[in-house]
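# Working through the structure, step by step
Here is what each chain is made of, one letter per residue.
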Amino acid sequence: MLSQAAFNAFLKTLEEPPHYAIFILATTEKHKILAYHIIPLPDIDFNRIRVEDMANHLAGIAKKENITYGA
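As a starting point, this report considers the structure included with it. (Residues numbered from 1 in each chain as written. Predicted model: local features only at pLDDT ≥ 70, side-chain atom pairs only at ≥ 80, totals over all residues. Heavy atoms only, no water.)

### With respect to the overall build of the protein chain
Broken down by element type, the protein chain carries 3 helices and 0 strands. Helices and strands appear in the protein chain in the N-to-C order α-α-α. Looking at the protein chain as a whole, 7% of its 71 residues qualify as buried. Counting every atom, the protein chain has about 6900 Å² of accessible surface; 60% of that belongs to carbon and sulfur. (Helix = DSSP H or I, 4+ residues; strand = E, 2+ residues; numbered from the N terminus. Buried < 20%, exposed > 50% of the residue type's maximum accessible area, 1.4 Å probe, protein only. Areas by Shrake-Rupley, 256 points an atom, 1.4 Å probe, with all protein chains shown as cover.)

The structure is reproduced here in structure tokens:
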């Protein structure tokens with residue numbers, strides 16, 4: 001939760017971002033962000049990672065790094 005001053009500073013940064021900045025704004029309360037700040041931003045819906053996918057990914061890393069683990 002941001003204070004009103006912090007949120008205003010954040011919006012100012014979105015309006016005039018540094019050239020190297022990439023923002024990922026994750027919120028469950030999109031309706032609370034003013035519409036004119038959302039319009040120029042791409043809207044990407046992220047999905048939860050499945051436990052099976054995470055386990056498979058970690059197993060692949062462990063295999064590449066020759067790490068044994070109890071399954």
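Let us keep going from here.
### A short note on a nonpolar patch on the surface
Nonpolar side chains collect at one region of the surface, where Ile22, Ile24, Ile44 and Phe46 lie side by side and expose about 530 Å² of accessible area between them. On the secondary structure map, isoleucine 22 appears in the loop between helix H1 (4-15) and helix H2 (35-38). Overall, isoleucine 22 belongs to the exposed group, its relative accessible area being 76%. (Patch = residues over 30% accessible without salt bridge, like charges linked within 9 Å, V, L, I, M, F, W, Y side chains within 5 Å. Salt bridge = Lys/Arg side-chain N within 4 Å of Asp/Glu carboxyl O.)

### Quick look at the layout of surface pockets
In this structure, the second largest pocket encloses a volume near 320 Å³. Along the wall of the second largest pocket there are 11 residues; nearest its centre are Met1, Leu2, Phe7, Glu29 and Lys32. Of the residues contributing to the lining of the second largest pocket, the split by class is 6 nonpolar, 3 polar and 2 charged. (1 Å grid on protein atoms, 1.4 Å probe; cavity = no way out; pocket = protein on both sides within 12 Å on 5 of 7 lines; lining within 4 Å. Points joined across faces, edges and corners; volume = space filled by probe spheres on them. Nonpolar A, V, L, I, M, F, W, Y, C, P; charged D, E, K, R; others polar.)

### Considerations on the pattern of salt bridges
A full pass over the atoms with the stated rule returns 2 salt bridges. The shortest N-O distance in the salt bridge between lysine 12 and glutamate 16 comes to 3.0 Å. Close ionic contact of aspartate 53 with arginine 50 constitutes a salt bridge, the shortest N to O distance being 2.9 Å.

### Quick look at helix H3 (residues 51-64)
Given 3.6 residues per helical turn, the α-helix brings residues three or four places apart onto the same face. Relative to the 20 Å expected for 14 residues at 1.5 Å per residue, H3 spans 20 Å between its end C-alpha atoms, a close match to the ideal helical length. Just past H3, the residue asparagine 66 takes up positive phi, approximately 55°. (Expected span 1.5 Å × (residues − 1).)

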